[in-house]
Amino acid sequence: MKFDCTGVILAGGKNSRLPGKKKTFQKVGDLMILESIYELFSNLFKEVIIVVNEPEEFAGWDMTVVTDIISSQCALAGLHAGLFYASFPYAYVTACDTPFVKQSVVEYIVGQIEPGYEVIIPSTDDGIEALSAAYSKDCIPLIENNLKKNIFMIKKFFRKKKVKEIPVEQLKMLDPEMEFIFNVNTPEDLEKAKTIVNKIRQ
């Protein structure tokens, strides 16, 4: 059964550190990164939205393609657009450059959604992971307020009492290497991702 939740993929970054083809179209194993995320999201969620800068490049995909409403080409603006267009009260959000999004982790985070919380977010050994988290549409005015003030760090709009952090220990039970947060920013990251996928296959 699919969740009453929107899956949002943020693909509006500038791609500055990985020249050439967009990160989301890079192949890791047999699939493009976007294909891996899309397959998972379309199985888990009743609605899938991708936030992009150039919608024509995503024609033909069976998901809702949108662009930033408040243009700043930052992840916060992408999050805002994803929540704005979402048909459900909550959206699970990930970046387009995360090739190892894991079903068990996404299901666990989305399963922790409950009234009164605006953000359900994983903790990691390095802090919280804002681009592998669930957000309520109630966040929209808070995000708009920060975008107007040019405050672009996602966690800056959080209201502490309305944030539920998922302990890293719990997440490591589902994904011991925490690969669900690994993202491809550089050519070196892409090579590492290919090494990881080969190891998974063995």
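It should be noted that the structure appears before, not after, this text.
This one's a predicted model, so the numbers in the text were calculated from it and none came from an experiment.

Examining helix H4 (residues 140-148)
- Every buried residue belonging to H4 is among Ile140, Leu142, Ile143, Asn146 and Leu147, and all of these are buried. Projection of H4 onto a plane perpendicular to its axis shows the buried side chains occupying an angular sector of 160°, all on one side.
- Turning to H4, the residues buried within the fold contact helix H2 (75-85).
- Directly beyond the C-terminal end of H4, a positive phi value near 60° is found at Asn150.

Quick notes on a nonpolar patch on the surface
- On the surface, Ile69, Phe84 and Tyr85 cluster together into a nonpolar patch covering about 280 Å² of accessible area.
- Residue placement: Tyr85 occurs in helix H2.
- The exposure class assigned to Tyr85 is partly exposed, which follows from its relative accessible area of 38%.

Section: unusual backbone geometry
- For Asn150, which is not a glycine, the phi torsion comes out positive at approximately 60°.
- Note that Asn150 resides in the loop between H4 and strand E10 (163-166).
- Positive phi is not limited to glycine here, since Met178 has a value of about 55°.
- By secondary structure assignment, the location of Met178 is in the loop between helix H5 (168-174) and helix H6 (187-201).

Cut-off values and rules
Residues numbered from 1 in each chain as written. Predicted model: local features only at pLDDT ≥ 70, side-chain atom pairs only at ≥ 80, totals over all residues. Heavy atoms only, no water. Buried < 20%, exposed > 50% of the residue type's maximum accessible area, 1.4 Å probe, protein only. Helix = DSSP H or I, 4+ residues; strand = E, 2+ residues; numbered from the N terminus. Arc of directions from axis to C-beta. Contact = heavy atoms within 4.5 Å. Patch = residues over 30% accessible without salt bridge, like charges linked within 9 Å, V, L, I, M, F, W, Y side chains within 5 Å. Areas by Shrake-Rupley, 256 points an atom, 1.4 Å probe, with all protein chains shown as cover. Salt bridge = Lys/Arg side-chain N within 4 Å of Asp/Glu carboxyl O.

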